2 protein chains.
Amino acid sequence: MISVVILGAGNLAVHLFEALNNADQVSVVQWFNRTLNPLESYKNRAAITNDISKLVDADVYILAISDDAISGFSEQLPIHDKLVVHTSGSVGIHDLDKKHRRGVFYPLQTFSKDAEIDFKDVPICIEALDKNDLHLLKGLAEAIGCAYYKINTEQRQMLHLCAVYVNNFTNQLYRIAHEISDAKGISFDVLKPLILETAKKVQTLSPYMAQTGPAKRNDKKTIKKHLKLIENKDHKAIYELLTDSIKKTHGRQKL
Amino acid sequence: MISVVILGAGNLAVHLFEALNNADQVSVVQWFNRTLNPLESYKNRAAITNDISKLVDADVYILAISDDAISGFSEQLPIHDKLVVHTSGSVGIHDLDKKHRRGVFYPLQTFSKDAEIDFKDVPICIEALDKNDLHLLKGLAEAIGCAYYKINTEQRQMLHLCAVYVNNFTNQLYRIAHEISDAKGISFDVLKPLILETAKKVQTLSPYMAQTGPAKRNDKKTIKKHLKLIENKDHKAIYELLTDSIKKTHGRQKL
């Protein structure tokens, strides 16, 4: 049995609580937050507290708090030589106070309040300074059914950057398509199966192999036609830059 | 029963043949291609031909050929007053020769040779000059289990443009993440669940509502950190442009 204290009450903290609380080999022994209000609805399922001096003993303390707060908060924690992990993609392992045994438990996934997430679809990037602690974090990931990857701080920061490309930037491309289709009275629903299939394709094929379309074919006529159709200059700049990028990847000359 | 002649032998033609051939209410009465070679393996399942003068009678003739060939080929077809449809996103309905009853049957999906596709996930954009023909095309879409949308030529050309954003450009963002992760010895597998979840999220949430991340939060510290991490100047330009785009969408100032 791995005993866990969760610290924080954001989206990730809530999703982690549900996953850890459901796991047979894990016991969430306490849930801390500076204010009790967001934890109130869980008080029958967890020992909640807002008093940092009352932290109970546990195998691992998981900080699910904002990046900027990690360093200072880890310093304030009134515990020593305990395994304290943060859950951030961009904060270094050494940003945790050195009075702790330090580690990282970074779930590479997008969490929203409303959307349920199956932890089987959440890869965990783990890192620890101590070999036994790394082993414990592997056990924790396995207990909630996650694939885990041993990822060091530099790699994790790169993954966090990659996540911005495949999640935030991709979502912005969806948004642009939504704007364009909306303006012409077309339901965004028409595009949803293509969006899903595009993501499915790279589950088995490399993005390089999966690429199709006018930029890859260097189909100048279609590209010119599209540039004429685009009314918004920001949309046009994105079209041009990504078309160039595809051409370069696939050995075509620039626009 | 709707009788169909397929013309062409590319990816889409093959996928259409399989779908139409499996449909109870459809009969593929002939499959034409300029060269017989790509059709040889289907000769036991379809009447194949490379002789345009031998086209048989059918309810609908589906041109699954390249955009540039549609206009000229429709002119050469030795039939009159028959429903001839093309399958292109960017070619106008009036580019078909006016001796035909004209229509469009545009499947908005990405087709690859190897990947099986369930036609339930293929929305069909239909257009026809004649009301009865439109009705026939609806029946054809329904027969292969597709959702269909009545979309005019201008809308269809805009959808084709949108498809470039959500398919080709999105896939290029995956490619960039692949390049960045590869360079640091990180398996691209770590990113796959996030890619899929990002696409799943907008099946029920608007891209606007689904957005998260440093650009939306205007988290200057993280954006600065990322820009320092990016080694490739093309990747950096894309990061900056899409970050600005997200900021604009969500009412933040420019970088």
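Just so you know, these numbers come straight off a predicted model, no measurement behind them.

Novice: Even after reading the chapter, I still don't get the overall build of chain A, so can you show me in this structure?
Specialist: Tallying secondary structure elements over chain A gives nine helices and eight strands in all. Each principal axis of the C-alpha distribution contributes one length, and for chain A these read about 70 × 40 × 30 Å. Out of the 255 residues belonging to chain A, those deemed buried represent 47%. For chain A, long-range pairs separated by at least 24 residues make up 52% of all intrachain contacts whose partners lie at least 6 apart in sequence.

Novice: How should the domain arrangement of chain A be read in this particular structure?
Specialist: Interfaces are often described in size by the accessible area the parts lose on coming together. Residue and element names in this part refer to chain A. We note that the domain assignment places domain 1 (2-151) and domain 2 (156-249) within chain A. Across the boundary between the two partners, domain 1 contributes nine residues, which contact six residues of domain 2. Elements that contribute at least two residues to the side of domain 1 that touches domain 2 include exactly β6 (101-107) and β7 (124-128). Tallied by class, residues from the side of domain 1 that touches domain 2 come to five nonpolar, three polar and one charged.

Novice: Just checking my understanding: could you explain the sheet that holds strand β3 (residues 48-49) of chain B for this structure?
Specialist: Backbone hydrogen bonds hold the strands of a sheet together, and the pairing may be parallel or antiparallel. All names here are of chain B. Taken in spatial order, the eight strands line up as β3-β2-β1-β4-β5-β6-β7-β8 in an open sheet, and their pairing is mixed. Two strands in the sheet have a free side with no partner beyond their single neighbour: β3 and β8 (148-150). Pairing of strand β2 (residues 26-32) with β3 involves two bridges; the strand directions are parallel. Counterpart to Trp31 in the pairing with β3 is Ile48. Those strands touched by helix α1 (residues 11-22) are β1 (2-7), β2 and β4 (60-63), and its axis lies near 150 degrees from that of β2.

Novice: How should the environment of Arg156 of chain A be read in this particular structure?
Specialist: All names here are of chain A. With respect to the helices, strands and loops of the structure, Arg156 is situated in helix α4 (residues 153-183). Since 26 C-beta atoms lie within 10 Å of it, Arg156 is described here as buried. Taking the C-alpha atoms as reference points, Arg156 and Ser187, 31 residues apart in sequence, are found 38 Å from one another. Excluding anything up to four places from it in sequence, Arg156 contacts Gly89, Val104, Tyr106, Cys125, Glu127 and Ile151.

Novice: Even after reading the chapter, I still don't get the interface of chain A and chain B, so can you show me in this structure?
Specialist: Facing the 76 residues of chain A at the interface are 76 residues of chain B. Of all elements in the fold, only α4, α5 (192-201), α6 (207-210), α7 (214-217), α8 (220-229) and α9 (233-249) of chain A reach the threshold of two or more residues within the side of chain A that touches chain B.

Novice: Help me out: how do you make sense of the sheet that holds strand β8 (residues 148-150) of chain A in this one?
Specialist: Residue and element names in this part refer to chain A. The sheet built from eight strands is open, its strands ordered β3-β2-β1-β4-β5-β6-β7-β8 with mixed pairing. Where the open sheet ends on each side, the last strands, each with one partner, are β3 (48-49) and β8. Here strand β4 (residues 60-63) runs beside strand β5 (residues 83-86); their pairing, made up of four bridges, is parallel. Bridging across to β5, Leu63 finds its partner in His86.

Novice: Would you mind going over the pairing of β4 of chain B with me for this structure?
Specialist: Along a regular strand, successive side chains alternate from one face of the sheet to the other. Residues and elements named next belong to chain B. Residues Val60 and Ile62 of β4 are buried on one face, and the alternating residues Tyr61 and Leu63, pointing to the opposite face, are buried as well. Judged from the four bridges that link them, β1 and β4 form a sheet pairing that is parallel. Bridging across to β4, Val5 finds its partner in Tyr61. Taken together, β4, helix α2 (residues 67-76) and strand β5 (residues 83-86) constitute a β-α-β crossover, and its handedness is right-handed.

Novice: How do you make sense of the packing of α9 of chain A against helix α4 (residues 153-183) of chain B when you look at a structure like this?
Specialist: Each pair of packed helices can be described by the angle between their axes along with the distance between the axes. In contact at an axis separation of 10 Å, α9 of chain A and α4 of chain B are set at 60 degrees when each is read in the N-to-C sense. Comparing their axes, α4 of chain B and α9 of chain A come out oblique. The two elements α9 of chain A and α4 of chain B meet at a crossing, and its hand is left-handed. The residues of α4 of chain B that touch α9 of chain A, namely those facing Leu242, Ser245, Ile246 and Thr249 of chain A, are Asn168, Phe169, Gln172 and Arg175 of chain B. Residue composition of the contact of α9 of chain A with α4 of chain B, grouped by class: three nonpolar, four polar and one charged.

Novice: I keep staring at the relation of the copies chain A and chain B and nothing clicks. Help me out?
Specialist: Copies of the same chain, two in number, are related to each other by a rotation about an axis and a translation along it. You can overlay chain A on chain B at an RMSD of 0.0 Å; the transform is a turn of 180 degrees with a shift of 0.0 Å along its axis. Within this description, the copies of the chain are treated as partners about a two-fold rotation axis. Across chain A, the rotation axis passes nearest the C-alpha of Thr170 of chain A, at a separation of 2.7 Å. A shared binding surface is used by both copies, with 100% of the interface residues of chain A retained as interface residues in chain B.

Novice: How should I be thinking about the confidence of the model for chain A in this particular structure?
Specialist: Low pLDDT marks stretches whose predicted atomic positions should not be read closely. Chain-level statistics for chain A give a pLDDT mean of 95 and a share of 98% at 70 or above. Listed scores for the predicted complex are pTM 0.93 and ipTM 0.93.

Novice: Would you mind going over the pairing of β6 of chain A with me for this structure?
Specialist: Residue and element names in this part refer to chain A. The buried count for β6 comes to seven of seven residues, which makes it a mostly enclosed element. Burial along β6 is two-sided: the face carrying Arg101, Gly103, Phe105 and Pro107 and the face carrying Arg102, Val104 and Tyr106 are both buried. Of the pairings in the sheet, the one linking β5 to β6 comprises four bridges and is parallel in character. Looking at β6, one finds that Val84 is bridged to Arg102. Judged from the five bridges that link them, β6 and β7 form a sheet pairing that is antiparallel. In the strand pairing of β7, Phe105 is matched with Ile126.

Novice: Would you mind showing me how to read unusual backbone geometry here?
Specialist: Glycine aside, negative phi is the norm for most residues, and most peptide bonds take the trans geometry. All names here are of chain B. For Asp81, which is not glycine, the phi torsion reads 55 degrees and is therefore positive. Assignment of secondary structure puts Asp81 in the loop between α2 and β5. In this structure Asp81 comes out as exposed when scored by C-beta crowding, with 8 C-beta atoms within 10 Å. Positioned with a positive phi, Asn218 is a non-glycine residue whose angle comes to about 55 degrees. Checked against the element boundaries, Asn218 lands in the loop between α7 (214-217) and α8 (220-229). Under the C-beta neighbour-count criterion, Asn218 is labelled partly exposed, with 16 such atoms within 10 Å.

Novice: How should α2 of chain B be read in this particular structure?
Specialist: Residue pairs spaced three or four apart in an α-helix point in one direction, given the helix's 3.6 residues per turn. All names here are of chain B. Buried within α2 are the following residues: Ile70, Phe73 and Ser74. When α2 is viewed along its axis, its buried side chains cluster within an angular range of 100 degrees and face the same direction. Within α2, the exposed residues directed more than 90 degrees away from the buried face are Gly72, Glu75 and Gln76.

What counts, and where the lines are drawn
- Residues numbered from 1 in each chain as written.
- Chains lettered and ligands numbered in written order.
- Predicted model: local features only at pLDDT ≥ 70, side-chain atom pairs only at ≥ 80, totals over all residues.
- Helix = DSSP H or I, 4+ residues; strand = E, 2+ residues; numbered from the N terminus.
- Buried ≥ 20, exposed ≤ 12 C-beta atoms within 10 Å, placed from the backbone.
- Contact = placed C-beta atoms within 7 Å.
- Domains from an automatic or database assignment.
- Nonpolar A, V, L, I, M, F, W, Y, C, P; charged D, E, K, R; others polar.
- Pairing = 2+ DSSP bridges.
- Axes fitted to C-alpha atoms, helices over the stretch in contact; angles between N-to-C directions.
- Right-handed = clockwise from strand over helix to strand, strands pointing away.
- Parallel < 35°, antiparallel > 145°, perpendicular 65-115°, else oblique.
- Left-handed = near helix turned anticlockwise from the far one by under 90°.
- Least-squares fit on C-alpha atoms with pLDDT ≥ 70 in both.
- pLDDT = per-residue confidence, 0-100.
- Arc of directions from axis to C-beta.

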